[in-house]
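Structure at a glance
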Amino acid sequence: MNLAEEIRGTQVPPDHLGICWLGQAGFLLKAPDGTSMVLDPYLTECGERIRGFKRLSPMLIAPEELAVDYYVTSHLHFDHFDYDAIPIVAQCTKRTLFFGPASCQEKFIELGIQAHRCHRLDRGECYQDEKILIRAVMADHGTMAPDAIGLLVAFAGHRLYFSGDTAFHSELFQEIRIFEPDIAVLSVNGAFGNMNAEEGAAAAELTGARYAVPCHFWTFMEHGGLPGQFCEQLLLKGTCQPLCFRQGEIRTMQCHTNRERKK
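Reference entry: report on the structure contained in this document. Since the model is a prediction, treat every value here as computed from it, not as a measurement.

Conventions we followed
- Sequence order as written defines residue numbering, which begins from 1 separately in each chain.
- Selection of residues for local features in this predicted model requires a pLDDT of at least 70, selection of side-chain atom pairs for listing and counting requires 80 or more, and totals for whole chains, interfaces and linings are taken over all residues.
- With hydrogens and water set aside, each side-chain value is computed from the structure's full complement of heavy atoms.
- Here's how the labels work: a residue is buried when its accessible area is under 20% of the maximum for its type, exposed when over 50%, partly exposed in between, all with a 1.4 Å probe on protein chains only.
- Per the convention used, a helix needs a DSSP run of H or I reaching at least four residues, while a strand needs a run of E reaching at least two, with both numbered from the N terminus.
- Pairing between two strands is assigned when DSSP locates at least 2 bridges connecting them.
- When the strands point away from the viewer and the path from the first strand over the helix to the second turns clockwise, the crossover is right-handed.
- With axes taken as lines fitted to C-alpha atoms, and helix axes fitted only over the stretch in contact, angles between N-to-C directions fall between 0 and 180 degrees.
- A contact between two residues is defined here by any heavy atoms of the two lying within 4.5 Å.
- Two rings from Phe, Tyr or Trp (for Trp, the six-membered ring) form a pair when their centres are within 6.5 Å of each other. A pair whose planes differ by under 30 degrees is stacked, one over 60 is edge-to-face, and the rest are tilted.
- Put simply, a charge is over a ring when the Lys NZ or the Arg CZ is close to the ring centre, within 6 Å, and near the line of the ring normal, within 35 degrees.

**Examining the pairing of strand β5 (residues 97-100)**
Residues Leu97 and Phe99 point to one face of β5 and Phe98 and Gly100 to the other, with burial holding for every one of them. Bridge count between strand β4 (residues 70-72) and β5: three bridges; the pairing is parallel. Bridging from a neighbouring strand, valine 72 pairs with phenylalanine 99 of β5. Regarding topology, helix α3 (residues 86-92) serves as the crossover connection from β4 to the parallel β5, and that connection is right-handed. Note: β5 against strand β6 (residues 118-120), three bridges, orientation parallel. Residue pairing for β6: phenylalanine 99 is matched across the bridge by histidine 119. Following the backbone out of β5, through helix α4 (residues 102-110) and into the adjacent parallel β6, one traces a crossover that is right-handed.

Below, the structure written as structure tokens:
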């Protein structure tokens, strides 16, 4: 069974959320009713074609097999905005809606995706329907990606924060804490303007999340990353539980949110 078949066959119990790490900063979320979304999936080897960054991790799912309802990109870098995968996903699954900041929105259109399927999400903007809320928040990726965003997601009764690519600023996480995420997913490779393991652990604590997931490491030689150090730092602090995924691992989780713990 390949990963696409495993995702399709995964039954998410009521009050749970299915989460799969696709490698790098890519995650797939699946609700009990089968609704699904991906955030920043890197599915191909376009990084080697564009920048000479050779992929070291396996390609887990083919773009034509990625049948999701929502496809979200945090910025235009190839390992978050997969130039080779996105047109294939759009062609194969006509229901998929695409989200990202202005630069991504323009590129979606340029790649041939119909405008009505593309939703612009700049910092402070949100998209909401009967199934999901997606809010774009501040990320500091410097001049490399000046409109890069982090993401707050309310989906299937759970709240998640995805940092995208960002440097560490303590004030950046105040808005995140107000959102009261169950899970914080943080890029912690410590290169190209991203937080390192220690900064990522400090950020996780500041968000107030119950679980913290490290990502954005071990896909390219140039990126590095120390997820073990991230977990050690969190365990020392003792209030946010580290949660490491194997690439391609699917978990169904029932999170007891901050809001529930306060009752």
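**Observations concerning the sheet that holds β6**
Here we have seven strands laid out as an open sheet, ordered β6-β5-β4-β3-β2-β1-β14, and mixed in their pairing. Here the strands that pair on one side only, and so sit at the sheet edges, are β6 and β14 (250-253). Each adjacent strand pair in this sheet contributes to an overall mean axis angle of 20 degrees, direction not counted. Where strand β2 (residues 26-30) lies against strand β3 (residues 36-39), four bridges are found, and the strand directions are antiparallel. Counterpart to lysine 30 in the pairing with β3 is serine 36. Against the sheet, α4 makes contact with β5 and β6, and its axis sits at roughly 160 degrees relative to β6, the strand it touches most.

**Examining the packing of aromatic side chains**
Within this structure, the stated rule accounts for 20 aromatic pairs. When the ring of tryptophan 21 is compared with that of phenylalanine 27, the centres are 6.3 Å apart and the planes differ by 25 degrees; the resulting orientation is stacked. As far as burial versus exposure is concerned, tryptophan 21 and phenylalanine 27 are alike and both buried. A centroid spacing of 5.0 Å and a plane angle of 85 degrees characterise the contact between phenylalanine 217 and tryptophan 218, whose relative ring orientation is edge-to-face. On the accessibility criterion, tryptophan 218 (51% relative accessible area) is exposed. Grouping aromatic residues by their ring pairs yields a cluster made of Trp21, Phe27, Phe162, Phe217, Trp218 and Phe245. It is arginine 159 that lies over the ring of phenylalanine 179; its NZ or CZ is 5.0 Å from the centre. Here the guanidinium or amino end of arginine 251 rests over the ring plane of phenylalanine 245, the centre of that ring lying 4.9 Å away.

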